[in-house]
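# Breakdown of the fold
Now for the letters of each chain:
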Amino acid sequence: MADDDLKKTFVMKGIGVSPGIVIGKAYLFDRLDAQVPFYKLSDPGLVTGEIRRFRKALRESEKQLLELKNRLGDLGGGMEPLYIIDVHIMIMRDRKFIDLTLQNIREMCVNAEWAVRMTVDKYREIFDRMEDDYLRGRISDIQYAGQRILANLVGKERAAIELGEGIVIIAADLSPADTAQLKIDKVLGFATDIGGKTSHTAIIARSIAIPAVVGMENITRAVRTNDEIIIDGSAGVAIVHPDPEVRKRYEEKKRLYEKAQDDLLDYAGLPAVTKDHYRVEIGGNIEFIEEIPSAILHGADGIGLYRTEFIYINRERLPDEEDHLAHYRSVVGVKGLSWATIRTFDLGGDKFFPDMKPSRELNPQLGLRAIRFCLKEVELFKIQLRAILRASVQGKLRIMFPMISGIEEIRAAKRIFTDVKNELLARGTELGTEIEIGIMIEVPSAVIIAEELAKEVDFFSIGTNDLIQYVLAIDRINERVTYLYEPLHPAVLRLIKQVVDIGHRAGIRVAMCGEMAGEPAYTMILLGLGLDELSMNPLAIPRVKKIIRGATLKESKTLLNKVMTFSSTTEIRAFVEAAMRKRFPEEFLANGQ
Ligand code: PEP
Ligand code: MG
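First, a word on scope: everything that follows refers to the structure included in this document. In this text the structure is predicted, and so the values were computed from the model without any measurement.

The rules behind the values
Residues numbered from 1 in each chain as written. Chains lettered and ligands numbered in written order. Predicted model: local features only at pLDDT ≥ 70, side-chain atom pairs only at ≥ 80, totals over all residues. Heavy atoms only, no water. Helix = DSSP H or I, 4+ residues; strand = E, 2+ residues; numbered from the N terminus. Buried < 20%, exposed > 50% of the residue type's maximum accessible area, 1.4 Å probe, protein only. Near = heavy atom within 4 Å. Polar contact = N/O pair within 3.5 Å; in protein donor to acceptor, adjacent residues only side chain to side chain. Nonpolar A, V, L, I, M, F, W, Y, C, P; charged D, E, K, R; others polar. Axes fitted to C-alpha atoms, helices over the stretch in contact; angles between N-to-C directions. Parallel < 35°, antiparallel > 145°, perpendicular 65-115°, else oblique. Left-handed = near helix turned anticlockwise from the far one by under 90°. Contact = heavy atoms within 4.5 Å.

### Observations concerning the side chain of Lys546
Note that Lys546 resides in helix α22 (residues 541-550). Owing to a relative accessible area of 16%, Lys546 belongs among the buried residues under this scheme.

Below is the structure:
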């Protein structure tokens, strides 16, 4: 293919998960890049040293693989894994693989890490051209061998990846740890092969307010580092090599989008009250304490969901009580926020810290995550609870347990909480007087037994991201089934209604903190459902407030009642979208939604 052909404009479609438009240069991110320093040698005299390092890393890698092979052999379990290890060893001994790397070091004058990476890339190019699917897939063995060599070259040290300005990250996927290792302030946007609207990559992109499109399937194959690229996170597209005409159009679209965002800020400081005086509390969802100023700026009344598992992510050692405390002290009783809801850590699923072994669970979303993990790792749980309680003296605190599926779990969590509280009181620690305990309603069984659960807690918060995942049986991070991910599914609406009604009958507050709460197209439906609090990513608050302030509770209930008579999602969606367009033409027509 000639260079000119390569520069032709093309558009790729995915799932827009964080709105806005950016125009920048692509950077193809490989998970290993986050840990590996790549640099040119400042002096050709350093070449010999790099060659020595490479050979040493080869020897170490081979030794480790042989040890692994022996261990596996002792365990029994068939020959297949042993053959695979043999293949990796053969690659490491392969003359061509070694010579190419040595040649890269000598001729390009780069460090050994970069040379290995170039060798693997070269093989990838060759394998990409293979017709046979099976053979093409075998590149993974070369990549594996390369990664092991790189890991040995890097040793334990990790360096944050150095990025130029104005970069759009292109990756297969970005774990929270990956994002944390990138110098995120230089990143304009993300585009990834996999993921869905509520995968944590998407949540992070929204929380740091950078446009993102996920689930693009093969953008990592179509785009190269330094390609010019536009990401439109609202429309869910990436435009590669935009021609001047397209570029101009997007520059204008970007300007308009940013102006609309600025205008919406006028609503941030106003209360979320309908025209007929129904007041909804507005929470901000945060992953990092650095987002608190944004929550205040965008008009949150309090923090409705602090995802504390992010304290565990991207660190070499587990956080201790003082680490936790420092975080909670920044969020409880903060000026400008009336309350803080701290969710105890929800690790597992698609959120892990470095020592966890996600691969051990074939089905992590149904595995040992959230409260299940806490009740197994009681000491870890207690450390967090102690720190939360110590911070309670600063202001109004709501503690929330994730993924409760049965009464035993909430009772066990409360027992541990009471033990920790009593220990602290016995020590003379001063605690706050305004502490509420709540649970997330995100497993269908919790909806079914909501009446019993309501007797145990002060509030419910509906986590629609998981509730929808579990009730519709779709993996929230699997882009192949995102078309089934439907907040307006009649089953979902009925479940939400059930939870609100039961909660209110029991005299407790019912909040919603899943992504559904921040979607303005659903705001009237949620008003009609009678939720007391909507908690969302801070950027979404002004627009949701605008809708609430422009609507009445009465019309919202009428809308909901009508919607509840439909049996299909298609009818509901068409009806709700048409109603919102009619009611708020400025909001829903101008944005093409
Ligand atoms: C949810 O499941 O809706 C939720 C808010 O929790 P998370 O997205 O962190 O699982
Ligand atoms: Mg959840």
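### Describing the site of ligand 1
Contacts to ligand 1 come from 17 residues, most closely from Arg307, Arg343, Gly463, Asn465 and Arg476. Take Arg307: an N or O atom from its side chain is 2.7 Å from an oxygen atom of ligand 1. A distance of 2.7 Å separates an oxygen atom of ligand 1 from a polar atom in the side chain of Arg476. Looking at the shell around ligand 1, the elements that each hand over two or more residues are α9 (200-207), β10 (302-307) and α19 (464-472). The class makeup of the residues in the shell around ligand 1 is four nonpolar, five polar and eight charged.

### Looking at the packing of helix α15 (residues 378-391) against helix α16 (residues 407-426)
Relative to each other, α15 and α16 sit at 55°, their axes nearing to 9 Å. The angle between α15 and α16 places the two elements in the oblique class. At the point where α15 passes α16, the crossing takes the right-handed sense. Where α15 abuts α16, its residues Val378, Phe381, Lys382, Leu385, Arg386, Leu389 and Arg390 lie against Ala413, Ile416, Phe417, Val420, Lys421, Glu423 and Leu424. In terms of residue class, the contact of α15 with α16 is made up of nine nonpolar, no polar and five charged.

### A look at unusual backbone geometry
Of note in this structure, Ala370 is not a glycine but carries a positive phi near 50°. Along the chain, the position of Ala370 falls in helix α14 (residues 370-376). The backbone of Met403 shows a phi angle near 60°, a positive value even though the residue is not glycine. Structurally, Met403 can be placed in the loop between β12 (397-401) and α16.

Read these as spatial facts, not as claims about activity.
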